[in-house]
Protein chains: 2
Amino acid sequence: MEEKNDKKIPRRAMLKAAALSATTALMGGVKVPDPVKTGVIPDPTKVQGAVPGKLGTRSPFEQPIKKASEISGRTPLQDLYGIITPSDLHFERSHAGVPLIDPQKYELLIHGMVERPTVFTLKDLKRFPALSRIAFIECSGNFRTGKETMTPQEICGLTSQSEWTGVMLSTLFREVGASPKATWFLAEGSDAAVMTRSIPMEKGWKDAMIAYAQNGEAIRPEQGYPARLFLPGWEGNMNIKWIRRIEVSDQPFMTREETSKYTETIKDHKIRQFSFDMDARSIITYPSYPQEVEKGWIEIRGIAWSGRGKIDRVEISTDGGKHWNNAVLQEPVLDKAHTFFRYLWRWDGNPAEIMSRAVDDTGYRQPFMKQLIDARGSDMGGYHLNPVTAWLIERDGKVLFKPEKRK
Amino acid sequence: MEEKNDKKIPRRAMLKAAALSATTALMGGVKVPDPVKTGVIPDPTKVQGAVPGKLGTRSPFEQPIKKASEISGRTPLQDLYGIITPSDLHFERSHAGVPLIDPQKYELLIHGMVERPTVFTLKDLKRFPALSRIAFIECSGNFRTGKETMTPQEICGLTSQSEWTGVMLSTLFREVGASPKATWFLAEGSDAAVMTRSIPMEKGWKDAMIAYAQNGEAIRPEQGYPARLFLPGWEGNMNIKWIRRIEVSDQPFMTREETSKYTETIKDHKIRQFSFDMDARSIITYPSYPQEVEKGWIEIRGIAWSGRGKIDRVEISTDGGKHWNNAVLQEPVLDKAHTFFRYLWRWDGNPAEIMSRAVDDTGYRQPFMKQLIDARGSDMGGYHLNPVTAWLIERDGKVLFKPEKRK
């Protein structure tokens, strides 16, 4: 295409236009011809490149997006590598949109069964000892099924991972003199849904954090700017964003979000009200729909995680579950964190079914959908579903989701 | 301010405008009044928040930038937390700007003393086994001094850290049958500077990587899209970006960048030509200029790193170097990686001088400027300078850089 253009347009003019197009595209401009579409890209060794901007940008050839609905955005797991989720691709789920909060006016009140009810400003929170940890947050409703043409993003894109930094909640509990008799606390958000959940004090003392930073910088608005509750390994909904109030008590508060929602139907028409931990899970992100593969060596890759601890191993089957072998786990394997795994496989070109199964360090093994149905009954709700996900590789190299039947 | 506005404008109109302003600001629009400036921010619990976009955004109250010149951008270390550098804040330095490269047309040639000279496409590179590691890259010219009003970004913002994913160069060397007699290889970039450096084969076999991903997604243009050489711990300039050619040889190539530049004047008018490893270093990022502090408990925070291994400890002095105590290191402490440290200190309100000193697991201790001058002579160049950085805390809480004198 370059040669063809050379004959029609003076080369100097073309280079200039292309360089401008390239530069402007890289600098975030929008009105220049898209170099991806025009294909007019000069030899990069022959034209001066773009100068630095205030911020870096993505290549115009890379346009990952969160599939956004009115209430949520999902991480494009099939496009990602390793364990860090870029902050602008972190999943989001809110009950009344993303509020705009002035950090100068932000306040967190801790009261109830405490000796010294206290209002903390953001500056106050940052003055306490800081801690960082790389860990995932996953929505408890993180499972979809239904058709073969579903991506990992569509199936389970409501999990993402960041380096979170903040102050340990235990530090704040000591500061306000939380009562040793207290057993639960309420966490309340400052969004228009005033999202509220009850959380056992034990978790608060153990590893809960008030996070104000994400992947090195201020936490993003969609993830709770300027501060959120972070409960490593526990269902996303409890990790209250835009947190403004914590009330210490000796009983759960029975909020809307733990009665009408976020409960699970189990057997014999019973309902499990509190289910905090996200169980071990994994998904193969390569190969997955809509990718295609070629005969020969394929490195099967994906992520595994557990809200109960570290991933102990990830088992891979390339024959529909008859035989299993361990994948290699990328070090360092972190507690309550997405863990990158890989497994070399030689595909002979025949139709195949591949799947992964996570085992965490408590010994828990990721179940098949059938096991979930056996345990909970076929009218189980949509929360805490972590079935083994299988991909079908067709003779022509196309990869399709093997949709799990819910009944 | 809200109340004042209430009297002038019907409340409904104000809320609507504010919500729109908030939403548009969050969605990346530019023509609405800046909520930071207008201060017109409604109670977030009373207005519907913003709906998800294709990508997340920063809060309009957070506007970190790389200080950009014509050739470089620097990471705002004083604004960051933890160890991950957001990709759009990763430092950049180029010799002819950032090229635009079509990933479909990208090719890497490996030739020279190899059995099978080979051209790899990006797809080829991604088909090999992948590896991820969190590590820093630092420019060898990462030191500035001169005045008290300098930020960590200005002093040493040419170091950043990402999770890098790619294929090990050793894998490609085996693929092409690199000669066991080869001792050096040339790495060549496809920017307009056609940046080239000679690198010992030993490093290539040990831990060099052709990286195509950064912090979970495709590598950014400023960092070498679609692929770069990554040499953990070695000076940034050698980590050739936009890499297009590797030539295996039995001698160094004596390129422009290792003769006229990137060499260091040492004693007796001698010049050190090859100095690969970035030595251990640290900087306190809080408190630092232009921050201010108050009397009482202060958590001194910063990052430490070494191109030779892991950080063993970071020593802190709060009395101008008379006494030293160990900081706490944030786990996991990774090899050749920025390590977040912190140290609780009670400031009595008197003028103080604070500083940090990194020690790596080879036993090397970060030197004072005087030690560097003693070792290299006062006409030493501007590369590989890693002196202890001190901050002066004034009685009023202002923090100033204590500029190192070069002579």
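Up top is the structure these notes are about.
The structure reproduced in this document is the subject of the present report. (Residues numbered from 1 in each chain as written. Chains lettered and ligands numbered in written order. Predicted model: local features only at pLDDT ≥ 70, side-chain atom pairs only at ≥ 80, totals over all residues. Heavy atoms only, no water.)

Description of the sheet that holds strand E21 (residues 339–347) of chain B
Strands pair in a sheet through their backbones, by hydrogen bonds, and they do so in one of two ways: parallel or antiparallel.
Residue and element names in this part refer to chain B.
No. 1: Taken in spatial order, the four strands of this open sheet run E16-E17-E21-E20, and their pairing is antiparallel. Looking at which strands have only one partner, the edges of the open sheet turn out to be strand E16 (281–286) and strand E20 (328–329).
No. 2: Bridging between E20 and E21 involves two bridges; their strand directions are antiparallel. Pairing of Leu329 across the sheet is with Phe341, part of E21. (Pairing = 2+ DSSP bridges. Helix = DSSP H or I, 4+ residues; strand = E, 2+ residues; numbered from the N terminus.)

Details of the packing of aromatic side chains
For any pair of aromatic rings, the description consists of the separation of the ring centres together with the inter-plane angle of the planes.
Residue and element names in this part refer to chain B.
No. 1: Scanning the entire structure with this criterion turns up 20 aromatic pairs over all chains.
No. 2: Note on Trp164 and Phe230: the rings are 5.6 Å apart at their centroids and 35° apart in plane angle, and the pair reads as tilted. Residue Trp164 is located in strand E7 (residues 159–168), and its partner Phe230 is located in strand E12 (residues 228–230); the two are separated by 66 residues in the primary sequence. For the pair Trp164 and Phe230, a shared accessibility class is recorded, and that class is buried. (Phe/Tyr/Trp six-rings, centres within 6.5 Å; stacked < 30°, edge-to-face > 60°. Buried < 20%, exposed > 50% of the residue type's maximum accessible area, 1.4 Å probe, protein only.)

Digging into helix H6 (residues 169–176) of chain B
No. 1: The element H6(B) is extensively covered by neighbouring structure, given that six of its eight residues are classed as buried.
No. 2: Along H6(B), the positions that sit buried rather than exposed are Leu169(B), Ser170(B), Thr171(B), Leu172(B), Phe173(B) and Val176(B).

What to know about the interface of chain A and chain B
No. 1: Taken together, the 90 residues of chain A in the interface contact 90 residues of chain B.
No. 2: Roughly 7300 Å² is buried in total at the junction of chain A and chain B, and carbon and sulfur atoms are behind 56% of that figure.
No. 3: Where chain A packs against chain B, one counts six salt bridges.
No. 4: With a closest N to O distance of 2.5 Å, Arg58(B) and Glu217(A) form a salt bridge.
No. 5: The interface formed by chain A and chain B includes 44 residue pairs in polar contact (both at pLDDT 80 or more).
No. 6: With four residues, the single largest contributor to the side of chain A that touches chain B is strand E17 (residues 296–305) of chain A. (Contact = heavy atoms within 4.5 Å. Buried area = accessible area lost by both parts, 1.4 Å probe. Salt bridge = Lys/Arg side-chain N within 4 Å of Asp/Glu carboxyl O. Polar contact = N/O pair within 3.5 Å; in protein donor to acceptor, adjacent residues only side chain to side chain.)

A look at the relation of the copies chain A and chain B
No. 1: In screw terms, the move from chain A to chain B is a rotation of 180° and a rise of 0.0 Å along the axis, fitting with an RMSD of 0.0 Å. Here the transformation between the copies is reduced to the relation of a two-fold axis.
No. 2: Comparing contact sets, 100% of the residues at the interface of chain A also lie at the interface in chain B, consistent with an isologous, same-surface contact. (Least-squares fit on C-alpha atoms with pLDDT ≥ 70 in both.)

Some thoughts on the pattern of salt bridges
Residue and element names in this part refer to chain A.
No. 1: In this structure the tally under the stated criterion is 52 salt bridges over all chains.
No. 2: In this structure, the salt-bridge partner of Lys66 is Glu92, at a minimum N-O distance of 2.7 Å. You can see Lys66 sitting in the loop between helix H3 (35–38) and strand E1 (67–68) and its partner Glu92 sitting in strand E3 (residues 92–93), a full 26 residues away along the chain. Each of the two residues, Lys66 as well as Glu92, counts as buried.
No. 3: Lys336 is the salt-bridge partner of Asp335, the closest N and O atoms lying 3.2 Å from each other.
No. 4: On the basis of relative accessibility, which here comes to 27%, the residue Asp335 falls in the partly exposed class.
No. 5: According to the relative accessible area criterion, Lys336 is buried, its value standing at 7%.
No. 6: Beyond isolated ion pairs, a larger network of salt bridges with shared partners links Asp312, Arg313, Glu315, Arg357 and Arg365.

Some words on the pairing of strand E23 (residues 390–393) of chain A
Residues and elements named next belong to chain A.
No. 1: Pairing of strand E22 (residues 352–360) with E23, which is carried by four bridges, proceeds in the antiparallel orientation. Residue pairing for E23: Met355 is matched across the bridge by Ala390.
No. 2: Where E23 folds back on strand E24 (residues 399–401), the antiparallel hairpin that results is connected by five residues, among which Gly397 adopts a positive phi of roughly 95°.

Describing the sheet that holds E1(A)
Residues and elements named next belong to chain A.
No. 1: The strand order across the open sheet built from three strands is E1-E2-E3, with neighbouring strands paired in antiparallel fashion. Each end of this open sheet is capped by a strand with a single partner; those strands are E1 and E3.
No. 2: Inspection of the sheet shows strand E2 (residues 72–74) paired to E3 by two bridges, in the antiparallel sense. Within E3, the residue paired with Gly73 across the bridge is Glu92.

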